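Here is what each chain is made of, one letter per residue.
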Amino acid sequence: MRILGEIRTVVTRPWTIMEVCGGQTHSLVKNGILELLPQEVTMVHGPGCPVCVTPLDLIDKAVYLSEECGVILCSYGDMLRVPGSEKSLLEAKAGGADVRILYSPLEAVKLARLNPEREVVFFAVGFETTAPANALSVVQAHRLGVTNYSLLVSHVLVPPAMAAVMEDEHSRIHAFLAAGHVCTIMGISEYQLLVDRYQIPIVVTGFEPVDLLHGILMTITQLENDECRLENQYSRVVRTEGNPQAISVIHEVFRVDDRDWRGIGTIPFSGYELREEFADFDAEVKFQISIPKTEENQACIAGQILKGIKKPNECPQFGSCCTPENPLGAPMVSSEGACAAYFHYSERDMVS
Ligand code: SF4
């Protein structure tokens, strides 16, 4: 409450701040922080929900692998409910496909060793945070001579997405709260480039309500003083250089390439692909999957939500045609999706 009082004291003008990470969105909405902030402060919700930005055709590929190729398809639980163009992985599982929820790709390598007659594919979804474990699983499989293990890679990177948000002509963002856990892995130097290029304050922030309020206070203080700097609110966890071992294993296994983001489109150099020397562990190469790209549901404005141009309750489908039980788009499916968070918790923005 002290920090909230300081925010109210410092703020004099309207500011729009984007928290990048879906976990931060969830924490802001669930803990009622949106309702507590002064009216001058508008929080918009960024593209940092990995499930939300995974393209439809990759979900279709995962379904195809599980149904048509007879693989053991493993992924994190959130991915199972996300609808593909025809069905979700959960529906494929209900229809008899061998789809399993795992908490780590290293479990999938173990599964591959226990089932040498089966192919095991791990649907490697996530930001920089999950990349080290996924990379490590490939290194381990390679070292152990496990040849029936591969990744279906859907790795996306935060800084290029922030740049894409800023490049959008409809962008109205004055500052960012950057995702603390991503910076725990990658460090913070990439964000200085964004500060310099867009002259915008960025504060690396944690996830607890007090972290978020502190990050918002630091951001608004900069804005009110006409400053733009990179600051680290989450210094108890995030070091400037990140985690060198994690970065090293990522670079050993992955290279940076263009990536499609669901609802946003292709963002240059915004994701990881397996390096050529690890092509044997690339499910797309191994199974030569060819799935036609499918159109998103035209009624879903997820792209505008993920870029902070609109809020979930500004979508005409919100709460009527689109609910967590009957989602039209991924932001209503994932527990980190902004639309689902608003549906479950928000009050101020529900009535605005
Ligand atoms: S409320 Fe539903 S239809 Fe609207 S943007 Fe969110 S997921 Fe898409």
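Scroll up to find the structure this text is about.
Residues numbered from 1 in each chain as written. Predicted model: local features only at pLDDT ≥ 70, side-chain atom pairs only at ≥ 80, totals over all residues. Heavy atoms only, no water.

Attention now goes to the site of the ligand. Around the ligand, the structure places 13 residues, and the nearest of them are Cys300, Ile301, Cys315, Cys322 and Cys339. Residues that form the shell around the ligand fall into these classes: 11 nonpolar, 2 polar and no charged. (Near = heavy atom within 4 Å. Nonpolar A, V, L, I, M, F, W, Y, C, P; charged D, E, K, R; others polar.)

Moving on, we come to the packing of helix H8 (residues 105-114) against helix H9 (residues 131-144). Put simply, H8 and H9 touch, their axes get as near as 8 Å, and they point 25° apart. Considering their axes alone, H8 and H9 lie roughly parallel with respect to each other. The chirality of how H8 crosses H9 is right-handed. Listed contacts from H9 to Pro105, Leu106, Val109 and Arg113 of H8 are Ala133, Asn134, Leu136, Ser137, Gln140, Ala141 and Leu144. By residue class, the composition of the contact of H8 with H9 is 7 nonpolar, 3 polar and 1 charged. (Axes fitted to C-alpha atoms, helices over the stretch in contact; angles between N-to-C directions. Helix = DSSP H or I, 4+ residues; strand = E, 2+ residues; numbered from the N terminus. Parallel < 35°, antiparallel > 145°, perpendicular 65-115°, else oblique. Left-handed = near helix turned anticlockwise from the far one by under 90°. Contact = heavy atoms within 4.5 Å.)

What follows concerns the sheet that holds strand S2 (residues 41-48). Spatial ordering of the open sheet is given by S2-S1-S7-S8-S9, a layout of 5 strands whose pairing is parallel. Among the strands making up the open sheet, the edge pair consists of S2 and strand S9 (230-232). Neighbour to neighbour, the strand axes of the sheet diverge by 25° on average, direction disregarded. Pairing analysis gives 3 bridges linking strand S8 (residues 202-205) to S9, with the strands arranged parallel. Residue valine 203 lies in a different strand from S9, and its bridge partner there is glutamate 231. (Pairing = 2+ DSSP bridges.)

In total, this model carries 5 aromatic pairs according to the counting rule given. Here the aromatic rings of phenylalanine 254 and tyrosine 272 are separated by 5.4 Å at their centres, their planes lie at 15°, and the arrangement is stacked. Placement of phenylalanine 254 in strand S10 (residues 254-261) and of tyrosine 272 in strand S11 (residues 265-274) is noted, with a sequence separation of 18 residues between them. Since its relative accessible area comes to 1%, phenylalanine 254 is described here as buried. The buried category is assigned to tyrosine 272, whose relative accessible area is 3%. (Phe/Tyr/Trp six-rings, centres within 6.5 Å; stacked < 30°, edge-to-face > 60°. Buried < 20%, exposed > 50% of the residue type's maximum accessible area, 1.4 Å probe, protein only.)

To continue, consider the pattern of salt bridges. This structure, assessed with the given rule, holds 14 salt bridges. For arginine 13, the salt bridge goes to glutamate 224, with nearest N and O atoms at 3.4 Å. Placement of the pair is arginine 13 in the loop between helix H1 (2-10) and strand S1 (15-21) and glutamate 224 in helix H13 (residues 209-224), with a sequence separation of 211 residues. Linked by salt bridges that have partners in common, Asp98, Arg100 and Arg118 make up one network. (Salt bridge = Lys/Arg side-chain N within 4 Å of Asp/Glu carboxyl O.)

This part takes up the environment of aspartate 98. Along the chain, aspartate 98 turns up in the loop between helix H7 (89-94) and strand S4 (99-101). For the pair aspartate 98 and isoleucine 72, spaced 26 residues apart in sequence, the C-alpha to C-alpha distance is 5.2 Å. Leave out the neighbours within four places in its chain, and aspartate 98 touches Val71, Ile72, Leu73 and Arg118. There is a polar contact of 3.3 Å between the side chain of aspartate 98 and the side chain of arginine 118. (Polar contact = N/O pair within 3.5 Å; in protein donor to acceptor, adjacent residues only side chain to side chain.)

Let us now look at the packing of helix H10 (residues 158-167) against helix H12 (residues 189-198). At their nearest, the axes of H10 and H12 sit 10 Å apart, and the two run at 15° to each other. By the angle class used here, H10 and H12 are roughly parallel. Considering the relative orientation of H10 and H12, their crossing is right-handed. Here Val158, Pro159, Met162, Ala163, Met166 and Glu167 of H10 lie close against H12, whose contacting residues are Glu190, Tyr191, Leu194, Arg197 and Tyr198. A breakdown of the residues in the contact of H10 with H12 according to their chemical character gives 8 nonpolar, no polar and 3 charged.

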